[in-house]
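Residue strings, one per chain:
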Amino acid sequence: MNALVERLAANISAARKTRRWSQQRLCDELADRGATITPDQLELLERGEREPRITEVSAIAETFNTSVEALMTDPDDFEQALVWTALRTTYRDTRRRLMQDSSEYERAAEALCDYMDGDDRIPQMEREELGRQLAQSCAAVALDGYNDRNPWRKRWDIPVAEDDPVARL
């Protein structure tokens, strides 16, 4: 077995095991990306007994949010790349969800205000409590979570950008 296939085999296996996926799960993920590979073929691939097609390697890289080049690196370097990729992906996904959730929060708050405006059956205490909550923008709600988690900025000496609303507090 050549060294490149050996590294590729080790890295594919490591990536799959890091995600705690069965070979079948990886095969299913690959099928979703247009690469048909059976668990038996994957097993041979992970043992270095089968050379993959370029479309398979490309789909595997995409599945693990990495590059074909990274899949072919030294296994020790690849493990670190997997950690980095996972952290970067989590950050990007969380940021995207935060932006979507902020928009959703504001739409829900508007819909609630519209409904409350036309319904006098809502108990006064609940109306007042909701009024206090609705007076907070999604940024204020997010700030509560931010204040609980911002000590890492001090530890890493990463200040908040001057144009960030938190900087004005």
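Treat the numbers as computed from the prediction; the structure is a model and nothing was measured.

Engineer: For the layout of surface pockets, give the residues involved together with the corresponding values.
Structural biologist: Roughly 150 Å³ of volume is contained in the second largest pocket. Lining of the second largest pocket is provided by A15, T18, R19, F64, E79, L82, V83, T85 and A86. Taken together, the elements giving at least two residues each to the lining of the second largest pocket come down to α1 (3–18) and α6 (75–117). Per-element accounting of the lining of the second largest pocket gives the leading share, five residues, to α6. Tallied by class, residues from the lining of the second largest pocket come to five nonpolar, two polar and two charged.

Engineer: I'd love a proper account of a negative patch on the surface, names of residues and values included.
Structural biologist: Taken together, D74, D76, D77 and E79 make up a surface patch of like negative charges. Structurally, E79 is set in helix α6. Classification of E79 as partly exposed rests on a relative accessible area of 42%.

Engineer: Residue-level account of helix α2 (residues 23–32), with values.
Structural biologist: Turning to α2, its buried residues are Q23, L26, C27, E29 and L30. Taken around the axis of α2, the buried residues stretch over an arc of 160 degrees, which confines them to a single face. In this structure, the buried side of α2 is in contact with α1, α3 (39–46) and α4 (54–63). G34 sits one or two residues past α2 and shows a positive phi near 85 degrees.

Engineer: Give a detailed account of the nonpolar core, specifying residues and quantitative values.
Structural biologist: Ranked by size, the top nonpolar core spans 20 residues in total, and within it I12, L26, L30, L42, I60 and L71 carry the most contacts. Of all the elements in the fold, those that place two or more residues in this core are α1, α2, α3, α4, α5 (68–71) and α6. By residue number, the principal contributor to this core is α4, which donates four residues. Excluding its chain neighbours within four sequence positions, the residues that come into contact with I60 are I12, L30, L45 and L71.

Engineer: Please give an account of the environment of L130 that cites residues and values.
Structural biologist: Tracing the sequence through the fold places L130 in helix α7 (residues 124–134). Its relative accessible area of 18% is what places L130 among the buried residues. For the pair L130 and C113, spaced 17 residues apart in sequence, the C-alpha to C-alpha distance is 9.0 Å. Contacts of L130, omitting those with residues within four sequence positions, involve L112 and M116.

Engineer: Help me get a handle on a nonpolar patch on the surface, residues and values and all.
Structural biologist: Taken together, the side chains of W152, W156 and I158 present a nonpolar region at the surface, about 340 Å² in accessible area. Here I158 shows up in the segment after α9 (151–156).

Engineer: I'd like to hear about the packing of α2 against α3, residue by residue, with values.
Structural biologist: At their nearest, the axes of α2 and α3 sit 9 Å apart, and the two run at 105 degrees to each other. One finds that α2 runs roughly perpendicular with respect to α3. Between α2 and α3, the residues in contact are Q23, Q24, L26 and C27 and P39, L42, E43 and E46, respectively. The residue makeup of the contact of α2 with α3, split by class, is four nonpolar, two polar and two charged.

Engineer: Tell me about the side chain of R50, and name the residues and values.
Structural biologist: Tracing the backbone through its elements, the reader meets R50 in the loop between α3 and α4. On the basis of relative accessibility, which here comes to 15%, the residue R50 falls in the buried class. A distance of 2.9 Å separates a polar atom in the side chain of R50 from a polar atom in the side chain of E56. In contact with R50, not counting residues within four places along its chain, are V5, I37, Q41, L44, L45 and E56.

Scoring rules and cut-offs
- Residues numbered from 1 in each chain as written.
- Predicted model: local features only at pLDDT ≥ 70, side-chain atom pairs only at ≥ 80, totals over all residues.
- Heavy atoms only, no water.
- 1 Å grid on protein atoms, 1.4 Å probe; cavity = no way out; pocket = protein on both sides within 12 Å on 5 of 7 lines; lining within 4 Å.
- Points joined across faces, edges and corners; volume = space filled by probe spheres on them.
- Helix = DSSP H or I, 4+ residues; strand = E, 2+ residues; numbered from the N terminus.
- Nonpolar A, V, L, I, M, F, W, Y, C, P; charged D, E, K, R; others polar.
- Patch = residues over 30% accessible without salt bridge, like charges linked within 9 Å, V, L, I, M, F, W, Y side chains within 5 Å.
- Areas by Shrake-Rupley, 256 points an atom, 1.4 Å probe, with all protein chains shown as cover.
- Salt bridge = Lys/Arg side-chain N within 4 Å of Asp/Glu carboxyl O.
- Lys, Arg positive; Asp, Glu negative; His and termini not counted.
- Charge placed at Lys NZ, Arg CZ, Asp CG, Glu CD.
- Buried < 20%, exposed > 50% of the residue type's maximum accessible area, 1.4 Å probe, protein only.
- Arc of directions from axis to C-beta.
- Contact = heavy atoms within 4.5 Å.
- Core = buried A, V, L, I, M, F, W, Y, C linked by side-chain atoms within 4.5 Å.
- Axes fitted to C-alpha atoms, helices over the stretch in contact; angles between N-to-C directions.
- Parallel < 35°, antiparallel > 145°, perpendicular 65-115°, else oblique.
- Polar contact = N/O pair within 3.5 Å; in protein donor to acceptor, adjacent residues only side chain to side chain.

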